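So the chains spell out like this:
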Amino acid sequence: MNETRPRAGVTALGAYAPSKVVTNFDLEKIMDTSDEWITTRTGIKRRHVAADEEFTSDLAFRAVENLVARHGDDALTGVDMVIVATNTPDALFPATAALVQEKFRLRAGAFDLLAACPGWLYAVGIGKSLVESGQCKRVLAIGAEALTKIVDWNDRATAVLFGDGGGAAIVEAVPEPYGVKGVVLGADGAGADHLHKRSVGACLPSGARLSDSLYMNGREVYKFAVRVMNTATLEAVEKAGLTVDDISLFVPHQANLRIIEAARERLSLPKERVVVTVDEYGNNSTASIPLALANALDAGRIAVGDNLLLVSFGAGLTWASAVLTWGPA
Ligand code: UT7
């Protein structure tokens, strides 16, 4: 960290999940699957699904509105950069972040960030750099996802996994000892074929189809996830100058309860120090960690000074992790 400037931290949070809920039992009626299979393989019981006319920008707006509802009318004052991490932007361009800038009348730059599920953690990491370098004062880092609009509802192997939602955070300077520490941002494009959605309009490599659905090689992503959740968490803790014993709460990407459990066991953390929301929301990608954080806050599971260990993984393949010392808000 630059010693002449304060460290950046997260001082406000907001989250949103669409009101429409689809249970495993609902899915049993439309595809060859069962509540038993989905529950034992993934831990998912329900997922929240955006309405037909509800898109990623709407989910981002709602998450920001929730942030304002929690933190007051001044919560957005002075925001000078908006980052929307998403795999499902309203359009290839303009950036969904520009729609957020306009909606809330911010005097801010705006760009979208595509790093798959770790996108929100990437946005927080980049927001931290912008603040600590002096480039920005307050960064609005959003993760929002309308994934159920791009899954193939005829592919039971992926359709049951995903949900929609949004999360938003303010990243700005905080006093010691608070803030975002030990940020790890990683990628390994050798795994690019394991999880993708290739169609982006006419600018395609020759031979690619103009429209396709999300594809995932679940087993390969699973193996990668278990490995990287372990290495990336340990790296973040070490970079932050802490040990696993200093971690109050583990807030992992909510993709699969078995992956979360494997990571928890390798870190030797008791179950009560892990946030699990995958049962309620399924995997909503970039929204998963801010939504899980908001849930933990609402449940009174986060206190000022707590060290939160965040980690995510996804298409790319990519990963990200960080320690967030909560406060001072
Ligand atoms: O944000 C990052 C995104 N991705 C992930 O985190 C995904 C990581 N991977 C996973 O979570 C798991 O690999 C899955 C949950 C996707 C799949 O679990 P699995 O234990 O690896 O199952 P599998 O793919 O090996 O499939 C086992 C069986 C297959 O049947 P056969 O070939 O053994 O007869 C599948 O056809 O389960 C079948 N199957 C289903 N059965 C009922 C696959 N999907 C379903 C389903 N309902 N929805």
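Residues numbered from 1 in each chain as written. Predicted model: local features only at pLDDT ≥ 70, side-chain atom pairs only at ≥ 80, totals over all residues. Heavy atoms only, no water.

Trainee: Give a description of the domain arrangement of the chain that names residues and reports values.
Mentor: With domains assigned, the chain is organised as domain 1 (7-174) and domain 2 (179-325). Computed over C-alpha atoms only, the centres of domain 1 and domain 2 are separated by 14 Å. Of the residues lining the interface, 50 residues belong to domain 1; the matching set on domain 2 comes to 46 residues. Roughly 3,600 Å² of surface becomes buried between domain 1 and domain 2 when both sides are summed, with 68% attributable to carbon and sulfur atoms. Contact with domain 2 buries surface across domain 1, with Cys117, Leu121 and Tyr122 losing the most and accounting together for 17% of the total. Seen at the junction of domain 1 and domain 2, the total is two salt bridges. For the side of domain 1 that touches domain 2, the secondary structure elements donating two or more residues are β1 (8-16), α2 (35-42), β3 (46-48), α5 (119-132), β6 (138-146) and β7 (164-173). (Domains from an automatic or database assignment. Contact = heavy atoms within 4.5 Å. Buried area = accessible area lost by both parts, 1.4 Å probe. Salt bridge = Lys/Arg side-chain N within 4 Å of Asp/Glu carboxyl O. Helix = DSSP H or I, 4+ residues; strand = E, 2+ residues; numbered from the N terminus.)

Trainee: So what's going on with helix α7 (residues 218-239)? Residues and values would help.
Mentor: Taking 1.5 Å as the rise per residue, α7 with 22 residues should run 32 Å; its terminal C-alpha atoms sit 30 Å apart, in good agreement. Those residues of α7 that sit buried are Val221, Phe224, Ala225, Val226, Val228, Met229, Asn230, Ala232, Thr233, Ala236 and Val237. Positive backbone phi, at 75 degrees, marks Gly241, one or two positions downstream of α7. (Expected span 1.5 Å × (residues − 1). Buried < 20%, exposed > 50% of the residue type's maximum accessible area, 1.4 Å probe, protein only.)

Trainee: Account for the site of the ligand, with residues named and values stated.
Mentor: Taken together, 23 residues lie near the ligand, and Thr33, Arg41, Arg219, Asn256 and Asn283 sit nearest. At 2.7 Å from a nitrogen atom of the ligand is found a side-chain nitrogen or oxygen belonging to Thr33. A distance of 2.8 Å separates an oxygen atom of the ligand from a polar atom in the side chain of Asn283. If the ligand stood free it would expose 960 Å²; the protein chains cover 75% of that surface. The set of elements that each furnish at least two residues to the shell around the ligand consists of α2, α6 (156-159), α7 and α8 (257-267). Ranked by the residues each element gives to the shell around the ligand, the list is headed by α7, at four residues. Here the shell around the ligand is composed, by residue class, of twelve nonpolar, six polar and five charged. (Near = heavy atom within 4 Å. Polar contact = N/O pair within 3.5 Å; in protein donor to acceptor, adjacent residues only side chain to side chain. Areas by Shrake-Rupley, 256 points an atom, 1.4 Å probe, with all protein chains shown as cover. Nonpolar A, V, L, I, M, F, W, Y, C, P; charged D, E, K, R; others polar.)

Trainee: Break down the nonpolar core for me, citing the residues and quoting the values.
Mentor: One finds Leu214, Phe250, Leu309 and Phe313 to be the most contacted residues of the largest nonpolar core, which totals 44 residues. Elements that contribute at least two residues to this core include exactly α7, α8, β12 (307-314) and β13 (318-325). Tallying contributions element by element places α7 first for this core, with nine residues. Residues from two domains meet in this core; each of domain 1 (7-174) and domain 2 (179-325) gives at least three. Counting 36 residues, the second-largest nonpolar core is a separate cluster that includes Trp120, Val139, Val275 and Leu324. (Core = buried A, V, L, I, M, F, W, Y, C linked by side-chain atoms within 4.5 Å.)

Trainee: Describe the side chain of Asn24, with residues and values.
Mentor: Tracing the sequence through the fold places Asn24 in helix α1 (residues 24-30). Accessibility expressed as a relative area gives 0% for Asn24, which makes it buried. Setting aside residues up to four positions removed in sequence, Asn24 forms contacts with Asp35, Ile38, Thr39, Ile44, Lys45, Arg46 and Arg47.

Trainee: Describe the side chain of Thr318, naming the residues involved and giving the relevant values.
Mentor: With respect to the helices and strands, Thr318 occurs in strand β13. The class for Thr318 is buried, based on a relative accessible area of 7%. Within polar-contact distance, the side chain of Thr318 engages the backbone oxygen of Ala115 at 3.0 Å. Looking at Thr318, its side chain comes within polar contact range of the main-chain oxygen of Ala315, at 3.2 Å. Contact partners of Thr318, with chain neighbours within four places excluded, come to Ala115, Ala116, Pro118, Tyr122, Gly186, Ala187, Phe224, Ser312 and Phe313.

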